[in-house]
Amino acid sequence: MTASPTALDLADPAIDVVELTRRVCDIPSVSGDERALADAVEAALRALPGLEVVRDGDAVVARTALGRAERVLLAGHLDTVPLTDPPNLPVRREQHPVDGDVLVGRGTCDMKGGVAVQLALARRVAAAGPAAPRDVTFVFYDHEEVEAARNGLGRLARNAPHLLTADFAVLLEPSSAVVEGGCNGTLRAEVTTTGKAAHSARAWRGSNAIHAAAPVLARLAAYQPREVEVEGLVFREGLNAVAVSGGIAGNVIPDRCVVTVNYRFAPAVDSAGAEAHVREVFEGFEVAVTDAADGAVPGLHLPAAADFVRRTGTQPLPKYGWTDVARFSALGVPAVNYGPGDNATAHADDERCRTAEVEQCLRVLTGWLLEGTGQEDA
């Protein structure tokens, strides 16, 4: 399935934000295959007046240049996790017994509902023209659902950091239309045990590395995750085995076993502190960190964040998962998570998003960005 030039036609008033979500989702964009959707997003934005549009790989940035005293940045990733078999696309609109009117299909929750809200906002910002009270930057990026080294927002930060300059940022990750402050950090490590290979018929001549991993699993099973308060929000941590590998054949005693663990840590510490904790938990074992990303403190006391929270009318919550607010935090840009979709359905076979949340996020963000221009009632 590929995008047509008019798939995301923002000039068509018949394409509301719910229909726009469906169309965005129906252009498959599994990590590494975002180009068709990036092309469609770029074409849609270039058709709007008053926006400077820049492309970097499969990331697209559009921004106004009105010379306002404040610039707000809205960001969202284009990629999704892999489709199911058979594919959970095209999107279906149906009535859910609990959630009501929903869109069901890959990306509806994580996070193409948020991407559609960005596009609908870009249409309204362009229509407001010089009447807009603040400058706005829209960022659509690739490779969020894979390892941090390939993240498109990280690439933009390296290649063109000026494009990410802002006074405040909103990442439209799914948060059930509630502000989520900061985010946990994440670290993956491999805990390795070794043994001696032997024929399984003469097991006493070897040493079983998989059996030697039992204490690793026992420590994980006994581990009590911490709850850490940071700037008034309580973050829940977690340390879990996510993969176990070992053995080369059904008649060979394995001489090596690797337990991959994932540590989700509160933003009270950085990745160096998280690594030290993991090494302490697995003292006596070989530990190799394979991937790590710092979390972000909430920053909700900052004026721009406090004003946005007030306008949403929500009670902020902590973000337990890692999101790219951490990248904005590293750049010195205060940021929050706020978008449609319940994270409990993200990546699920029946991934879905309430249409009311998509409409609510658009309404709240329009009122905040464009109050007094008439576009908040568009």
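Here the structure is a predicted model, which means the values were calculated and not measured.

Calculation notes
- Residues numbered from 1 in each chain as written.
- Predicted model: local features only at pLDDT ≥ 70, side-chain atom pairs only at ≥ 80, totals over all residues.
- Heavy atoms only, no water.
- Pairing = 2+ DSSP bridges.
- Helix = DSSP H or I, 4+ residues; strand = E, 2+ residues; numbered from the N terminus.
- Axes fitted to C-alpha atoms, helices over the stretch in contact; angles between N-to-C directions.
- Disulfide = S-S within 2.5 Å.
- Buried < 20%, exposed > 50% of the residue type's maximum accessible area, 1.4 Å probe, protein only.
- Salt bridge = Lys/Arg side-chain N within 4 Å of Asp/Glu carboxyl O.
- Contact = heavy atoms within 4.5 Å.
- UniProt positions renumbered as here; feature names shortened; annotations may be inferred.

### Some thoughts on the sheet that holds strand 19 (residues 352-354)
At step 1: As summarised here, the arrangement of the three strands in space is 4-5-19, forming an open sheet in which the pairing is antiparallel. Here the strands that pair on one side only, and so sit at the sheet edges, are strand 4 (92-96) and strand 19. Between one strand and the next, the sheet's axes are offset by a mean angle of 35°, whatever the strand orientation.
At step 2: The sheet contact formed by strand 4 and strand 5 (residues 100-104) spans five bridges and is antiparallel.

### Side note on the state of the cysteines
Simply put, the disulfide is a covalent bond whose two ends are the sulfur atoms of two cysteines.
At step 1: As enumerated under the stated definition, the model contains zero disulfides in all.
At step 2: Here C109 stays unpaired: no disulfide links it, and the sulfur of C353, its closest cysteine neighbor, is 6.2 Å away.
At step 3: Looking at C109, the relative accessible area reads 0%, which means it is buried.
At step 4: The exposure class assigned to C353 is buried, which follows from its relative accessible area of 3%.

### Examining the pattern of salt bridges
At step 1: Counted according to the given criterion, the structure contains 30 salt bridges.
At step 2: The partner of D99 in a salt bridge is R352, with the nearest N and O atoms 2.7 Å apart. A residue pair is termed long-range when its members are at least 10 positions apart, and D99 in the loop between strand 4 and strand 5 and R352 in strand 19 qualify at 253 residues. An identical accessibility class is assigned to D99 and R352; each is buried.
At step 3: The shortest N-O distance in the salt bridge between E237 and R226 comes to 2.9 Å.

### Points about the sheet that holds strand 18 (residues 335-337)
At step 1: Here eight strands make up an open sheet; going across it, the order is 1-2-6-3-7-18-8-17 and the pairing mixed. Two strands in the sheet have a free side with no partner beyond their single neighbour: strand 1 (52-56) and strand 17 (317-318).
At step 2: As paired strands, strand 3 (residues 71-77) and strand 6 (residues 135-141) are joined by seven bridges and run parallel to one another. If you follow L74 over to strand 6, its bridge partner there is F138.
At step 3: Strands in contact with helix 2 (residues 35-46) are strand 1, strand 2 (59-63) and strand 6; relative to strand 1, the strand with the most contacts, it is inclined by about 165°.
At step 4: Packed onto the sheet, helix 3 (residues 108-128) meets strand 3 and strand 6 and runs at close to 145° relative to strand 3.

### Topic: the UniProt feature "domain: Peptidase M20 dimerisation" (unreviewed entry) in the protein chain
At step 1: According to UniProt, the "domain: Peptidase M20 dimerisation" (unreviewed entry) feature falls on residues 185-283.
At step 2: Helix makes up 24% of residues 185-283 and strand 41%, whereas the separation of the span's terminal C-alpha atoms amounts to 22 Å.

### Thoughts on unusual backbone geometry
At step 1: Between L89 and the following residue, P90, the backbone shows a cis peptide bond with an omega angle of 0°.
At step 2: Secondary-structure assignment places P90 in the loop between strand 3 and strand 4.
At step 3: Cis geometry marks the peptide bond from D110 to M111; its omega dihedral reads -10°.
At step 4: Even without being glycine, A177 reaches a positive phi, approximately 60°.
At step 5: Summarising the element assignment, A177 is placed in the loop between strand 7 (168-171) and strand 8 (180-181).

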